[in-house]
Amino acid sequence: MMTCEQFIDHLLDFDEGDLPSETDRLCREHSALCKQCADYLDSYQKTVAVGKAAFKSDSHGSEPAADTVDNQRPSAMESYELPEELVQSILTAAGAVR
Amino acid sequence: MDSARTSSSVGPAQPDLAVLSDEQTLVADLKAGDPAAYERLVRVYGGRMLQVARRFLDEEDARDALQEALVSAWKSIDRFDGQSKVSTWLHRIVVNASLMRLRKKNTKIEKATEALEPLLPKYLEDGHRADPGSGWTETPEQLLGRQEVRALVRRSILDLPESYRTVLLLRDIEGLSGKETAEAMDLTVSAVKVRLHRARQALREILADHLAEGA
Ligand SMILES: [Zn+2]
């Protein structure tokens, strides 16, 4: 049987169905017999899922980066409107000033 | 102007007929070289583009990358073929501009690997994990329903060492393929895979401290 270390090393490809069939079979066998690795696989997949979704606007349409919990990055709390001086600088840089 | 609503179409989003026809007008005006159309582009899409750049860069560099991206969009509007949405096109441009900035800063991968090491699984001699921990009971939907979890996930991703954060952002957040990420970062496809796997494992470890049963 494959070791836990080998199983976890293969996890990304296993999760994406990218493994050669024999390695894939050994991974399936391992996760069926090893609760720790089955848990690891489950939490790995959940990590990927929440990671992919965490930057999307939530169902209320509020802007994810503008939340107040995220106070380690004060810049992330600014709204989606650009500061006026930045707008002007971008307009000038393009030579598109009216 | 309701820029928050309109600009929410940067990145993957639902098609909206009103937005699409607005987009066609905007693109036609841009191609005609209308400076007012450029200003509209900057005001409508700039905020969301800046948010994307901020995931990769600190505030000052993010603003520079945004400016480079928008100027480059203005100058290359003739190459926009209308096959994708304007927002998707701009998203790609600002991601590329951010990567170019990152490359100039030339961070050391060795240091990043060192910083990530404590977050990777440890194994015993027999190949079992030394620190198995417990499972996560909540589903991704339940987890994402909690604002503090979403904030934790975002913060944890942004706090990853840069070269790992960048790969994870490109693959899992910005939706680039392995090949596209490899080209953008000047890495091999297998190096991208190794970094993505390590980044996900590190993120899993950080989240496990908060989300595992009994944590
Ligand atoms: Zn195992």
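Source: prediction; values computed, not measured.

Trainee: Would you explain the overall build of chain B in this entry?
Mentor: Scanning chain B from N- to C-terminus turns up eleven helices and zero strands. From first element to last, N terminus to C terminus, chain B shows the α and β order α-α-α-α-α-α-α-α-α-α-α. Taken across its 215 residues, chain B has 51% of its residues classed as buried. When contacts within chain B are restricted to residue pairs at least 6 apart in sequence, those whose partners lie at least 24 apart make up 69%.

Trainee: Is there a simple way to think about the overall build of chain A in this case?
Mentor: Along its length, chain A carries five helices and zero strands. Tracing chain A from N to C terminus, the helices and strands come up as α-α-α-α-α. The burial tally for chain A puts 46% of its 98 residues in the buried class. Expressed as a percentage of contacts within chain A between residues at least 6 apart in sequence, the contacts between residues at least 24 apart total 38%. A total of about 5100 Å² of accessible surface is found on chain A, and carbon and sulfur atoms cover 50% of it.

Trainee: Whenever I open this one, the interface of chain B and chain A confuses me. Can you help?
Mentor: Size of an interface, as often reported, equals the accessible area lost when the parts are brought together. Contacts between chain B and chain A engage 60 residues on the former and 56 residues on the latter. When chain B packs against chain A, close to 5500 Å² is buried across both sides, 59% of that on carbon and sulfur atoms. Here Arg63 of chain B and Glu85 of chain A are joined by a salt bridge, their closest N and O atoms 3.8 Å apart. At the boundary of chain B with chain A, the tally comes to 17 residue pairs in polar contact (both at pLDDT 80 or more). Here the side of chain B that touches chain A takes 13 residues from helix H3 (residues 35-56) of chain B, the largest share from any one element. Partitioned by chemical class, the residues of the side of chain B that touches chain A number 27 nonpolar, 13 polar and 20 charged.

Trainee: Even after reading the chapter, I still don't get the domain arrangement of chain B, so can you show me in this structure?
Mentor: All names here are of chain B. Domain parsing of chain B yields domain 1 (17-105) and domain 2 (109-211). At the junction of the two partners, domain 1 supplies nine residues and domain 2 supplies twelve residues. Regarding the contact of domain 1 and domain 2, the summed buried area is about 950 Å², with carbon and sulfur atoms giving 57% of it. Among the residues of domain 1 in contact with domain 2, Arg55, Phe56 and Arg92 are the three that bury the most area, contributing 51% of the side total. Here Arg92 and Glu180 are joined by a salt bridge, their closest N and O atoms 3.7 Å apart. Elements with a minimum of two residues in the side of domain 1 that touches domain 2: H3 and helix H5 (86-105). For the side of domain 1 that touches domain 2, the per-class residue count stands at five nonpolar, one polar and three charged.

Trainee: In this structure, what is going on with helix H9 (residues 162-173) of chain B? I would like to understand it.
Mentor: Residues and elements named next belong to chain B. Taken across its twelve residues, H9 has eleven buried, putting it largely inside the fold. Within H9, the full set of buried residues consists of Ser163, Tyr164, Arg165, Thr166, Val167, Leu168, Leu169, Leu170, Arg171, Asp172 and Ile173. A positive backbone phi angle near 75° is found at Gly175, which sits one or two residues after H9.

Trainee: Honestly, the environment of Lys35 of chain A in this entry has me stumped. Any pointers?
Mentor: Structurally, Lys35 of chain A is set in helix H4 (residues 35-54). Among the polar contacts made by the side chain of Lys35 of chain A, one reaches the side chain of Asp39 of chain A at a distance of 2.7 Å.

Criteria and thresholds
- Residues numbered from 1 in each chain as written.
- Chains lettered and ligands numbered in written order.
- Predicted model: local features only at pLDDT ≥ 70, side-chain atom pairs only at ≥ 80, totals over all residues.
- Heavy atoms only, no water.
- Helix = DSSP H or I, 4+ residues; strand = E, 2+ residues; numbered from the N terminus.
- Buried < 20%, exposed > 50% of the residue type's maximum accessible area, 1.4 Å probe, protein only.
- Contact = heavy atoms within 4.5 Å.
- Areas by Shrake-Rupley, 256 points an atom, 1.4 Å probe, with all protein chains shown as cover.
- Buried area = accessible area lost by both parts, 1.4 Å probe.
- Salt bridge = Lys/Arg side-chain N within 4 Å of Asp/Glu carboxyl O.
- Polar contact = N/O pair within 3.5 Å; in protein donor to acceptor, adjacent residues only side chain to side chain.
- Nonpolar A, V, L, I, M, F, W, Y, C, P; charged D, E, K, R; others polar.
- Domains from an automatic or database assignment.

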